[in-house]
Amino acid sequence: VAFGAQGPVPLATFLAHVRGVAAMLPDAPYALNLCEDRYRFLVAFCAVALRGQTTLLPPSRTRGAIDDVRARHPDSYCVGDRGDCGCEAGAPASGAMPPHYLRLPEVLPLAFADDMPTLAADAVVAIGFTSGSTGVPTANAKTWGSFHASTAQNLAALADLHDGATLPVVATVPPQHMYGMEMSVLLPLLGNVAVHDARPFFPEDIAAALRDAPAPALLVTTPVHLRTLVESGVALPPLAAIATATAPLPQALAAQAEARFGCEVRELFGSTE
């Protein structure tokens, strides 16, 4: 399911973590998932769904965006993996914890069972929000069935990269963003994909995360990150491919990246809607 500097996380351990975290969640209809660690985000997302709750995905991790989503859903709580809210730097009161904040323990609880958890196709498992660049952020409810459909399309678009073997994914985008959600959370849940537990930002960190992969990985990133990688001169291990979204990809940059890193660059199109 996941991997990182500490090695792989097998499915049985992941499911035990999901059940263990689900047992410690409060009774509420909505949860804001603010986890920085991608594996912990994955565990918390599934634990929330297992409890029949809905994960709220704010349009950004600024305190203002978090407070706005909380104001729309006053019967929600926050779950995170840091001593503060994990808000982006520079936001007012960015380090202050929001009310009803549950911090996951350093060692995740384990609860083993023999059955495989299931969800109804019409279960609303997430609500994403548009960026608000053209006005007030718009809420978009996502059912488990709709996530199945969109992930099937993504898996089909990537199928030729790994010939049925487990495809490692390293993502520079946050899991709270719908692009990050689809490519680094849903892929390992619904396909033969394992995701790196970190969100590397700087070129050397990205290179280190890619070296943790047991096979050539798919790098999920953005045009801004891709340009930084190309211009940095950093050496990357062999890649299965590079996927990019969230902004237009200049053709010249794609050609530079393909020549520099020896793999195909694939541009994805989509939106929270």
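About the criteria used
Residues numbered from 1 in each chain as written. Predicted model: local features only at pLDDT ≥ 70, side-chain atom pairs only at ≥ 80, totals over all residues. Heavy atoms only, no water. Helix = DSSP H or I, 4+ residues; strand = E, 2+ residues; numbered from the N terminus. Rg over C-alpha atoms; globule rule 2.2 N^0.38 Å. Buried < 20%, exposed > 50% of the residue type's maximum accessible area, 1.4 Å probe, protein only. Areas by Shrake-Rupley, 256 points an atom, 1.4 Å probe, with all protein chains shown as cover. Lys, Arg positive; Asp, Glu negative; His and termini not counted. Charge placed at Lys NZ, Arg CZ, Asp CG, Glu CD. Pairing = 2+ DSSP bridges. Core = buried A, V, L, I, M, F, W, Y, C linked by side-chain atoms within 4.5 Å. Axes fitted to C-alpha atoms, helices over the stretch in contact; angles between N-to-C directions. Parallel < 35°, antiparallel > 145°, perpendicular 65-115°, else oblique. Left-handed = near helix turned anticlockwise from the far one by under 90°. Contact = heavy atoms within 4.5 Å. Nonpolar A, V, L, I, M, F, W, Y, C, P; charged D, E, K, R; others polar. Expected span 1.5 Å × (residues − 1).

Some words on the overall build of the protein chain
Logical step 1: Within the protein chain, the regular secondary structure consists of eight helices and twelve strands.
Logical step 2: Since a compact globule built from 273 residues should have a radius of gyration of about 19 Å, the 18 Å found for the protein chain is in line with a globular shape.
Logical step 3: Reported as C-alpha extents along the three principal axes, the dimensions of the protein chain are approximately 50 × 45 × 35 Å.
Logical step 4: The buried share of the protein chain, reckoned over its 273 residues, is 50%.
Logical step 5: Carbon and sulfur atoms make up 57% of the accessible area of the protein chain, which totals about 12,000 Å².
Logical step 6: Taking the average location of the 16 positive side-chain charges in the protein chain and that of its 25 negative ones, the two points are 4 Å from each other.

Notes on the sheet that holds strand β10 (residues 217–221)
Logical step 1: With parallel pairing, six strands are arranged side by side in an open sheet as β1-β9-β8-β10-β11-β12. One side of each edge strand has no neighbouring strand; the edge strands of this open sheet are β1 (2–3) and β12 (265–267).
Logical step 2: With three bridges connecting them, strand β8 (residues 167–171) and strand β9 (residues 193–196) associate as parallel partners. Across the sheet, the residue bridging to Pro 168 is Ala 194, located in β9.

A closer look at the nonpolar core
Logical step 1: The biggest cluster of nonpolar side chains holds 52 residues, and the ones touching the most others in it are Phe 14, Phe 45, Phe 147, Met 181, Met 183, Leu 218 and Val 220.
Logical step 2: Of all the elements, helix α2 (residues 38–50) adds the most residues to this core, at ten residues.
Logical step 3: Of all hydrophobic cores here, the second largest spans 24 residues; its members include Ala 213, Ala 254, Ala 257 and Val 265.

Regarding unusual backbone geometry
Logical step 1: One non-glycine residue with positive phi stands out, namely Asp 163, at about 50°.
Logical step 2: Unusually for a residue other than glycine, Thr 246 sits at a positive phi of about 85°.
Logical step 3: Looking at the element boundaries, Thr 246 is found in the loop between β11 (239–244) and α8 (251–261).

Some points on the pairing of strand β4 (residues 76–80)
Logical step 1: The buried count for β4 comes to five of five residues, which makes it a mostly enclosed element.
Logical step 2: On β4, burial covers both faces: Ser 76, Cys 78 and Gly 80 on one face and Tyr 77 and Val 79 on the other are all buried.
Logical step 3: Pairing between strand β2 (residues 30–33) and β4: four bridges, direction parallel. The residue of β4 that forms the bridge with Leu 32 is Cys 78.
Logical step 4: Pairing of β4 with strand β5 (residues 101–103) involves three bridges; the strand directions are parallel.

Section: the packing of α2 against helix α5 (residues 178–190)
Logical step 1: Interaxial distance between α2 and α5 falls to 11 Å at its minimum, and their mutual angle equals 65°. Comparing the axis directions of α2 and α5 gives the class roughly perpendicular. Considering the relative orientation of α2 and α5, their crossing is right-handed. Between α2 and α5, the residues in contact are Arg 38, Phe 41, Leu 42, Phe 45 and Cys 46 and Met 181, Ser 184, Val 185 and Leu 189, respectively.
Logical step 2: Among the residues forming the contact of α2 with α5, the class breakdown is seven nonpolar, one polar and one charged.

Describing helix α1 (residues 11–24)
Logical step 1: Over its 14 residues, α1 runs 20 Å from end to end, which matches the ideal 20 Å to within 8%, given 1.5 Å per residue.
Logical step 2: Looking only at α1, the buried set comprises Phe 14, Leu 15, Ala 16, His 17, Val 18, Arg 19, Gly 20, Val 21 and Ala 22.
Logical step 3: In the core, the buried residues of α1 are packed alongside α2 and α5.

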